[in-house]
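Structural characterization, general
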Amino acid sequence: MEQAIIVIGGYNSLWPAYLRMARDLESLSGLQAVGVPLMPWHWQSATRKGDATNILEKLAATTLWARRRLKAERFILVGHSAGGLIARLYLSDRPVWGHLYRGLDHVTTLVTLGSPHCPACRPGRNQGTSTNWFLVDTPNRVVPGAPYAHRVRYWTVAGQWIQGRPSGSRREQRAFQMYRAFNGHDGSVWGDGIVPVDCAHLSGAETLVLDGVAHSARSGRGWYGGSMRIIRRWWSTVEAHVD
């Protein structure tokens, strides 16, 4: 059966920003790659409602398009940042915000790039379900960990670029604030500038940590999809385990 890659961009991103990444993945994998056509207003609408059905529907429609146009039957989902959280929800065998997608029936591999999964790094009994951001809390409540690992290969990729410091440079101070917001207790850790390494991990998933890789192009540094060289660092490991 034909296989294709679907790229899901991060929060408030413009989907054309991922076209180069999709082309690089095609060159490296020999598979066709498409992006989910998301724009900032899709994320903003979801945030206002506390419900990302509109984004999940975009992912489902992209999958259907790829089935018809590319003749693909199996898919590798690559989700950057919040896109990785959406991908987790898409796999669910239970309704999400009243809709059933069952992506697990046609997704073979899920790769998340700098996604704030959070459960492993937040203290307390309700780990990762009370971060006050619905895009984190919902997948950790509906599909905690890697519940379909017997059918879908889960990979989490974390960047280790900068350590948060409360009295450091402006970038270090911002990283400190972001890390503490995600892990709930300590910003003096390492991460990609937005998501701390431990929060990018997911119980039951394979994990890769990339030194020197930042969260997004906004950092001015190489990010997860910023170049063929960086993409190769994580894709070569993932590809070795693709059926």
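Quick note: structure is the one above.
A brief look at the structure comes next.

Rules of the game
Residues numbered from 1 in each chain as written. Predicted model: local features only at pLDDT ≥ 70, side-chain atom pairs only at ≥ 80, totals over all residues. Heavy atoms only, no water. Helix = DSSP H or I, 4+ residues; strand = E, 2+ residues; numbered from the N terminus. Buried < 20%, exposed > 50% of the residue type's maximum accessible area, 1.4 Å probe, protein only. Contact = heavy atoms within 4.5 Å. Polar contact = N/O pair within 3.5 Å; in protein donor to acceptor, adjacent residues only side chain to side chain. Pairing = 2+ DSSP bridges. Axes fitted to C-alpha atoms, helices over the stretch in contact; angles between N-to-C directions. Core = buried A, V, L, I, M, F, W, Y, C linked by side-chain atoms within 4.5 Å. Phe/Tyr/Trp six-rings, centres within 6.5 Å; stacked < 30°, edge-to-face > 60°. Parallel < 35°, antiparallel > 145°, perpendicular 65-115°, else oblique. Left-handed = near helix turned anticlockwise from the far one by under 90°. Nonpolar A, V, L, I, M, F, W, Y, C, P; charged D, E, K, R; others polar.

With that settled, consider the side chain of His-42. Along the polypeptide, His-42 turns up in helix α2 (residues 40–49). Classification of His-42 by relative accessible area gives buried; the value is 14%. Ignoring anything within four residues of it in the chain, the contact list for His-42 reads Pro-37, Asn-54, Ile-55 and Lys-58.

What follows covers the side chain of His-215. Mapped onto the elements of the fold, His-215 is located in the loop between β8 (206–211) and α7 (228–239). Using a relative accessible area of 8% as the deciding quantity, one classes His-215 as buried. A polar contact of 3.0 Å, which involves the side chain of His-215, links it to the side chain of Ser-81. The residues contacting His-215, other than those within four sequence positions of it, are His-80, Ser-81, Gly-114, Asp-192, Ile-194, Val-195, Trp-223 and Tyr-224.

Judged by pairing direction, the sheet is parallel, and its six strands sit side by side in the order β2-β1-β3-β4-β5-β8 without closing on themselves. A strand with exactly one partner marks an edge of an open sheet, and here the two such strands are β2 (32–35) and β8. Averaged over all adjacent pairs, the angle separating strand axes in this sheet is 20°, with direction ignored. With six bridges joining them, strand β5 (residues 153–160) and β8 adopt parallel strand pairing. Looking at the pairing, Val-157 lines up with Leu-208 of β8. Helix α4 (residues 82–90) contacts β1 (2–8), β3 (72–80) and β4 (107–113) of the sheet and is inclined by roughly 140° relative to β3. On top of the sheet, α7 reaches β1, β3, β4, β5 and β8; it is set at about 160° to β8, its chief contact.

Judged by nonpolar contacts, the single largest core of 48 residues is most densely connected at Ile-6, Leu-59, Leu-77, Ile-86, Leu-135, Val-152 and Tyr-154. Taken together, the elements giving at least two residues each to this core come down to β1, α2, α3 (53–69), β3, α4, β4, α5 (134–142) and β5. Here this core takes six residues from α4, the largest share from any one element. With near-sequence residues (within four places) excluded, Leu-135 lies in contact with Tyr-11, Trp-43, Ala-52, Ala-82, Leu-85 and Ile-86. Residues Ala-22, Val-111, Trp-155 and Ile-230 belong to the second largest nonpolar core, which totals 24 residues.

To continue, consider the packing of aromatic side chains. Overall, the coordinates contain six aromatic pairs when judged by the stated rule. Centre to centre, the rings of Tyr-11 and Trp-133 are 5.5 Å apart; their planes meet at 80°, and the pair counts as edge-to-face. Here Trp-133 lies in the loop between β4 and α5 and Tyr-11 lies in the loop between β1 and α1 (19–29), a separation of 122 residues in the sequence. With relative accessibility at 28%, the residue Tyr-11 sits in the partly exposed group. Residue Trp-133 is classed as partly exposed on the basis of its relative accessible area of 22%. Each member of the aromatic cluster is reached from another via a ring pair, and the members are Tyr-11, Trp-43 and Trp-133.

Following both chains from N to C, one finds α1 and α7 inclined at 50°, their axes separated by 10 Å at the closest point. Here α1 lies oblique to α7, going by the angle between them. As for how α1 packs across α7, the hand of that crossing is right-handed. Of the residues in α7, those in contact with Met-21, Asp-24, Leu-25, Ser-27, Leu-28 and Ser-29 of α1 are Met-228, Ile-231, Arg-232, Trp-234, Trp-235 and Glu-239. Taken together, the residues of the contact of α1 with α7 sort by class into seven nonpolar, two polar and three charged.

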